[in-house]
Amino acid sequence: MAISSRHDEIIALVARAGEMSVEALAEHLHVSRETVRRDLARLDATGRIRRRHGGAMALTAPGPTIETEWPFAHRMALNAAGKRAIATAASRLFQPDDSLFIDTGSTTIAFADALTARHSLVIVTNSPRIAATLASDHTHKVFLIGGAYGVDAGESLGPLALEQIGKFRVRHAVLTVGAIDQTSIMDFDLQEAEVAKAMITRADRVTVLADHSKFDRRAVFEVAPLGRINTLVTDLPPAETMKSAIRNAGIELIVAEP
């Protein structure tokens, strides 16, 4: 991970938690404690966080329970290594002739890159970028959902997109989410949540790709109860309370190898 991306990830993690230890940050970022200490010194010197003994504090108190989401271009740079690991692990779950909905997200874009190593899949997506990536392998059959164009993430949204999703019936929906708590998966954008809901309705099984930053968060729009998920692929194990909720919901939890 580039230093600037790692610094952005540290700021985001500390802002969400209010404060974090050097050890916790090193585990999240897969770097040494010495690297984290150097990063914290630089970020403190530039006024982006407040360094303390053994860790760092946010400049302000943590925000409300309902959070917000970074712009898409920023999310693409956050925890890129973790998302690639998730994508590689998730790509192994699917076999030739499987049919997949894939929604738009930074992790599903990495997943599309990983799927180029697989063959003969049927892909239905609302992301032109994902469609173009997978169409480069002519053994795949790719359907691009149309609709109103969402500029931030480069995706099709709205009633036309929902209508077209309803014309398909697939084996798997592979989704990213904005937040996961002990009861449900959620998103920060109503139209993106509606697309994910529509895909879930028309799929036999649901696989969620979510890095560790999505756990124990809340967003405004519920996508589905936790029990609707069949498989959850992440980069780091969640906290024990979240892990227990996942287990009780009957979800297969896959922690990707770095």
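Per chain, residue numbering runs from 1 following the sequence as it is written. Only residues with pLDDT of at least 70 get local features here, since the model is predicted, and only at 80 or more are side-chain atom pairs given and counted; chain-wide, interface and lining totals rely on the full set of residues. Note that water and hydrogens are dropped before the side-chain values are worked out from all heavy atoms of the structure.

**Looking at the overall build of the chain**
Then comes step 1: Strands are runs of DSSP state E lasting at least two residues, helices are runs of H or I lasting at least four, and both sets are numbered from the N terminus onward. Secondary structure summary: the chain contains 10 helices and 15 strands in total.
Then comes step 2: The C-alpha radius of gyration of the chain comes to 18 Å, within 12% of the 18 Å expected for a compact globule of 258 residues.
Then comes step 3: In terms of overall dimensions, the chain has C-alpha extents of about 55 × 35 × 35 Å along its principal axes.
Then comes step 4: Within the chain, the proportion of its 258 residues that are buried is 50%.
Then comes step 5: Should any heavy atoms of two residues lie within 4.5 Å, those residues are considered in contact. Across the chain, the fraction of contacts at a sequence separation of at least 24, relative to all contacts at a separation of at least 6, is 61%.
Then comes step 6: Here the accessible surface of atoms and residues is derived via Shrake-Rupley with a 1.4 Å probe, and residues count as covered only by protein chains that are part of the display. On the chain, roughly 11600 Å² of surface is accessible, and the fraction owed to carbon and sulfur atoms is 53%.
Then comes step 7: Positive residues here are Lys and Arg, negative ones are Asp and Glu, while His and the chain termini are left out of the count. Lysine's charge is taken at NZ, arginine's at CZ, aspartate's at CG and glutamate's at CD. Put simply, the chain has 29 plus and 31 minus side-chain charges, and the middle of one group is 2 Å from the middle of the other. Each radius of gyration reported is based on C-alpha atoms, and the globular scaling rule is 2.2 Å times the count of residues to the power 0.38. Relative accessibility thresholds used throughout: buried, under 20% of the residue-type maximum; exposed, over 50%; partly exposed, between the two (1.4 Å probe, protein chains only).

**A closer look at the sheet that holds strand β4 (residues 99-102)**
Then comes step 1: Paired strands, as defined in this entry, are two strands with at least two bridges between them according to DSSP. Taken in spatial order, the seven strands make up an open sheet running β6-β5-β4-β9-β12-β14-β15, and their pairing is parallel. Edge positions in the sheet fall to β6 (141-144) and β15 (252-255), since each has one partner strand and no second. Within the sheet, the average angular offset between the axes of one strand and its neighbour, ignoring direction, is 20°.
Then comes step 2: With four bridges connecting them, β4 and strand β5 (residues 122-125) associate as parallel partners. When the bridges of β5 are listed, I102 appears paired with T125.
Then comes step 3: Lines fitted to C-alpha atoms define the axes here, with helix axes fitted over just the stretch in contact, and angles between the N-to-C directions of these axes take values from 0 to 180 degrees. Strand contacts of helix α9 (residues 190-201): β4, β9 (170-176) and β12 (203-209), with the helix running at about 155° to β9, the strand carrying the most contacts.

**Some remarks on helix α7 (residues 128-135)**
Then comes step 1: Those residues of α7 lying buried are I130, A131, T133 and L134. The arc that holds the buried residues of α7, viewed along the axis, is 165°, so those residues lie on one side.
Then comes step 2: Buried positions along α7 lie against β4, α6 (106-115), β5 and β6. By arc we mean the arc of the directions from the helix axis to the C-beta atoms, nothing more.

**Remarks on the pattern of salt bridges**
Then comes step 1: For this document, the term salt bridge refers to a Lys or Arg side-chain nitrogen within 4 Å of an Asp or Glu carboxyl oxygen. For the structure shown, the criterion picks out eight salt bridges.
Then comes step 2: Note that D98 and R171 form a salt bridge whose closest N and O atoms lie 2.8 Å from each other. Of this pair, D98 sits in the loop between α5 (80-91) and β4 while R171 sits in strand β9, placing them 73 residues apart in sequence.

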